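# Examining the three-dimensional arrangement
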Amino acid sequence: MMLSRWWRRLSGPSVPEEIRAVLEPGEEVVAAAEADHGHVVVTRLGLWLPGQDGPRRVDWHLVSKAGWDAGTLTVVEAEETDEVGGAVLLRDLPPVRVGLPRAGRLPELVRRRVEGSIRARHRTDLADGGGAWFVLRKLPGVDGVMLQARPDPGTDVDAVRAMAREAAERLSGGGS
């Protein structure tokens, strides 16, 4: 038993060939766990989740939320809906839940990677009752940060778009 733990430390986590085959050159596997229907794999660039069409990677800057409860990893992925003046507007997709009977350290590593991609965040409430999160995120494998704006459901997206444009301009040194 001790020998197998030692070997896993040397060789890295066990990753199925269907995922190894689609990793980018240099995309190092940090952790992997067998899921109810496939595998979940943490790499430097993102989180690989099982899907109907095979495994797919969600880059760390597009993981809005990730939680762990009772053997289930829940991931909320964001999609980019618009780009305004250097800022990106996001919309959260429905949560994906993956059962991980033997998760090991994977949930902790997911949490660290998601939190590690966030450089700063600010919540803004609008007069109409809506609001938005503005988040500076590190892009995996790239120098620099990206400004993301995630309006709450039902919030005036044009108002958030204008605020995001102004914030991006200030961050780039173009505003006063």
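So, here is what we can say about the structure in this document.

Rules used in this analysis
Residues numbered from 1 in each chain as written. Predicted model: local features only at pLDDT ≥ 70, side-chain atom pairs only at ≥ 80, totals over all residues. Heavy atoms only, no water. Helix = DSSP H or I, 4+ residues; strand = E, 2+ residues; numbered from the N terminus. Buried < 20%, exposed > 50% of the residue type's maximum accessible area, 1.4 Å probe, protein only. Contact = heavy atoms within 4.5 Å. Areas by Shrake-Rupley, 256 points an atom, 1.4 Å probe, with all protein chains shown as cover. Expected span 1.5 Å × (residues − 1). Arc of directions from axis to C-beta. Polar contact = N/O pair within 3.5 Å; in protein donor to acceptor, adjacent residues only side chain to side chain. Pairing = 2+ DSSP bridges. Axes fitted to C-alpha atoms, helices over the stretch in contact; angles between N-to-C directions. Core = buried A, V, L, I, M, F, W, Y, C linked by side-chain atoms within 4.5 Å.

### Description of the overall build of the chain
From N to C terminus, the chain includes 4 helices and 11 strands. A principal-axis box enclosing the C-alpha atoms of the chain has dimensions of 60 × 30 × 30 Å. In the chain, buried positions account for 38% of the 176 residues. Here the analysis covers contacts within the chain between residues at least 6 apart in sequence; of these, 41% occur between residues at least 24 apart. Of the roughly 10400 Å² of accessible surface on the chain, 50% is carried by carbon and sulfur atoms.

### Section: helix α4 (residues 157-171)
Here α4 is 15 residues long and its end C-alpha atoms lie 21 Å apart, about the 21 Å a rise of 1.5 Å per residue gives. Of the positions making up α4, those classed as buried are Val160, Ala164 and Ala168. Buried residues of α4, viewed axially, fall in a sector of 70 degrees; they line one side. Looking at α4, the residues exposed on the side facing more than 90 degrees away from the buried face are Asp158 and Arg170. For α4, the N-terminal cap is aspartate 156; the gap from its side-chain oxygen to the backbone nitrogen of aspartate 158 is 3.0 Å.

### Let's talk about the environment of threonine 72
By the element assignment, threonine 72 lies in strand β6 (residues 72-84). Residues threonine 72 and leucine 100, 28 residues apart in the sequence, show an inter-C-alpha distance of 5.9 Å. The residues contacting threonine 72, other than those within four sequence positions of it, are Gly67, Arg97, Val98 and Gly99.

### Section: the sheet that holds strand β2 (residues 38-43)
Strands sit in the order β1-β2-β3-β4 across an open sheet of 4 strands; the sheet is antiparallel. At either end of the open sheet lies a strand with only one pairing partner, and these are β1 (29-35) and β4 (56-59). Here the average twist between neighbouring strands, direction ignored, is 15 degrees. Strand direction decides the pairing type here: β1 and β2, joined by 6 bridges, are antiparallel. Pairing of valine 29 across the sheet is with threonine 43, part of β2. Sitting on the sheet, helix α3 (residues 106-117) is in contact with β1, β2 and β3 (46-49), with an inclination near 130 degrees to β1.

### Considering the nonpolar core
In terms of nonpolar packing, the biggest core is built from 25 residues, with Val40, Leu47, Leu100 and Leu106 touching the most fellow members. Every element with two or more residues in this core is listed here: β1, β2, β3, β6, β7 (87-92) and α3. Beyond its immediate chain neighbours, meaning those up to four positions away, valine 40 contacts Ala31, Ala32, Ala33, Ala35, Leu47, Trp48, Leu49, Pro50, Leu73, Val98, Leu100 and Leu106. Residues Val84, Leu126, Ala149 and Ala168 belong to the second largest nonpolar core, which totals 12 residues.

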